[in-house]
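Structural overview
The lines below spell out each chain.
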Amino acid sequence: GDSVTQMEGPVTLSEEAFLTINCTYTATGYPSLFWYVQYPGEGLQLLLKATKADDKGSNKGFEATYRKETTSFHLEKGSVQVSDSAVYFCAPVTDSWGKLQFGAGTQVVVTP
Amino acid sequence: DGGITQSPKYLFRKEGQNVTLSCEQNLNHDAMYWYRQDPGQGLRLIYYSQIVNDFQKGDIAEGYSVSREKKESFPLTVTSAQKNPTAFYLCASSPDPADRDNEQFFGPGTRLTVL
């Protein structure tokens, strides 16, 4: 069946460090791909998305490129801030009606 | 402001009791969803509704029930049949369930604890 694999956390970084969170998925066809972010005690917010192969989604300094060949959608940010501390979820759409398949989430902790 | 509200933020219930979690949206979205989140796990889909008066089971519907009598409301009842109901519950909505590119908008969540 469809599945999503994210790198395990927590990932602990110093401020201004480079962040990469790996995400690979299995799905039928070419699903739209999403990254959501969850700040402590809150619901999820859309961070970025890509809807077709080679598309790059970007927002708030984060980027992710839809790699069809490797079925991956890795999230990157060049210089993290303390305010980026959160849990990040990779989620491809795996159904014709828009069902999201969530990864387990990766907790990121940025220290000053 | 448009958005999704969930109430209450924290909910405690005794074992064996049913409890209903509220979810309201004023975004005029057709589709609504309920997810369950457990520590260290991703979100798992409980139920979803693509249109008023219609809903379908998700991956973990056992022990839960929903209704969709109004477009803006999608309450979730956690019944006594749910064996492990302590979790964080998230409600979401999206404009058009037929558009796979639509994002889902999430509420702030309700943390349910069974005592």
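The sections below set out a description of the structure shown in this document. (Residues numbered from 1 in each chain as written. Chains lettered and ligands numbered in written order. Predicted model: local features only at pLDDT ≥ 70, side-chain atom pairs only at ≥ 80, totals over all residues. Heavy atoms only, no water.)

Description of the state of the cysteines
Residues and elements named next belong to chain B. The condition is simple: In this description, the term disulfide denotes a pair of cysteine sulfurs within 2.5 Å. Each helix corresponds to a stretch of at least 4 residues labelled H or I by DSSP, and each strand to a stretch of at least 2 residues labelled E; elements are numbered beginning at the N terminus. Note on exposure labels: buried denotes an accessible area under 20% of the residue type's maximum, exposed denotes more than 50%, and partly exposed covers the range between, all computed with a 1.4 Å probe on protein chains only.
Within this structure, the stated rule accounts for two disulfides over all chains. A disulfide bridge connects Cys23 with Cys91, and the sulfur atoms are separated by 1.9 Å. Where Cys23 bonds to Cys91 through sulfur, the torsion about that S-S bond is close to -70°, and the disulfide is left-handed. Here Cys23 is found in strand S3 (residues 19-25), whereas its partner Cys91 is found in strand S9 (residues 87-94), with 68 residues between them in sequence. Like Cys23, the residue Cys91 is buried in the burial classification.

So, a nonpolar patch on the surface
Selection rule: Any residue with relative accessible area above 30% and no salt bridge may belong to a patch, with like charges joined within 9 Å and the nonpolar Val, Leu, Ile, Met, Phe, Trp and Tyr side chains within 5 Å. Per-residue and other accessible areas follow the Shrake-Rupley method at a 1.4 Å probe size, with only the shown protein chains counted as cover for residues. Here a salt bridge means any side-chain nitrogen of Lys or Arg lying within 4 Å of a carboxyl oxygen belonging to Asp or Glu.
Together, Tyr10(B), Phe12(B) and Leu115(B) make up an exposed nonpolar region whose accessible area comes to about 390 Å². Note on placement: Phe12(B) falls in strand S2 (residues 10-13).

Regarding the sheet that holds strand S8 (residues 62-65) of chain A
Strand pairing within a sheet occurs via backbone hydrogen bonds; the two strands may be parallel or antiparallel. Residue and element names in this part refer to chain A. Our working definition: When DSSP finds two or more bridges between a pair of strands, those strands are recorded as paired. For helices, the axis comes from a line fit to the C-alpha atoms of the stretch in contact; other axes are also lines fit to C-alpha atoms, and the angle between any two N-to-C directions lies between 0 and 180 degrees.
Pairing within the open sheet is antiparallel, and its four strands lie in the order S3-S9-S8-S7. Each of the sheet's edge strands pairs with one partner strand only, and the pair in question is strand S3 (19-21) and strand S7 (56-59). Within this sheet the neighbouring strands show an average axis-to-axis angle of 15°, counted without direction. Bridging between S3 and strand S9 (residues 75-77) involves three bridges; their strand directions are antiparallel. Within S9, the residue paired with Thr20 across the bridge is Glu76.

A look at the pairing of strand S1 (residues 4-7) of chain B
All names here are of chain B. Burial of the side chains of S1 is restricted to one face: Ile4 and Gln6 are buried, whereas none of Thr5 and Ser7 on the reverse face is. Here S1 pairs with S3 via four bridges, running antiparallel. Note on S3: the bridge partner recorded for Thr5 is Glu24.

Observations concerning the interface of chain B and chain A
To keep things clear, this is the line we draw: Two residues qualify as a contact provided that any one of their heavy atoms is within 4.5 Å of a heavy atom in the partner residue. The term buried area refers to how much accessible surface (probe radius 1.4 Å) is lost by two components on association, counted for both of them together. Any pair of N or O atoms that falls within 3.5 Å is considered a polar contact. Within protein, one atom must be able to donate a hydrogen and the other to accept it, and sequence-neighbouring residues count only if both atoms are side-chain atoms. Throughout this entry, Asp, Glu, Lys and Arg are counted as charged residues, while Ala, Val, Leu, Ile, Met, Phe, Trp, Tyr, Cys and Pro are counted as nonpolar. The remaining residues, Gly among them, count as polar.
Listed by partner, the interface residues are 24 residues for chain B and 24 residues for chain A. A buried area of about 1,800 Å², summed over both sides, lies between chain B and chain A, and 51% of it is on carbon and sulfur atoms. When residues of chain B are sorted by the area they lose upon contact with chain A, Arg100(B), Asp101(B) and Phe106(B) head the list and together hold 33% of the total. The interface formed by chain B and chain A includes one salt bridge. The salt bridge partner of Lys99(A) is Asp59(B), with a shortest N-O separation of 2.9 Å. One can count four residue pairs in polar contact (both at pLDDT 80 or more) joining chain B with chain A. The set of elements that each furnish at least two residues to the side of chain B that touches chain A consists of strand S4 (31-37), strand S5 (43-51) and S9 of chain B. Per element, the largest residue contribution to the side of chain B that touches chain A is four residues, and it comes from S5(B). Among the residues forming the side of chain B that touches chain A, the class breakdown is 11 nonpolar, eight polar and five charged.

Focus on the nonpolar core
Side chains of a nonpolar character, in soluble globular proteins, are inclined to be buried together. Which entries qualify depends on this criterion: Working definition of a nonpolar core: buried Ala, Val, Leu, Ile, Met, Phe, Trp, Tyr and Cys residues. They are joined through side-chain atoms within 4.5 Å.
Core analysis: the biggest nonpolar cluster contains 25 residues, and Leu19(A), Trp35(A), Leu47(A), Leu48(A), Leu75(A), Tyr88(A) and Val108(A) have the highest contact counts within it. One finds Ile4(B), Cys23(B), Ala61(B) and Val66(B) within the second-largest nonpolar core, a separate group that totals 19 residues.

Points about the environment of Gly42(B)
Positionally, Gly42(B) belongs in the loop between S4 and S5. With relative accessibility at 10%, the residue Gly42(B) sits in the buried group. Among all residues touching Gly42(B), those that are not within four sequence positions of it are Phe89(A), Phe102(A), Gly103(A), Ala104(A), Arg36(B) and Gln37(B).

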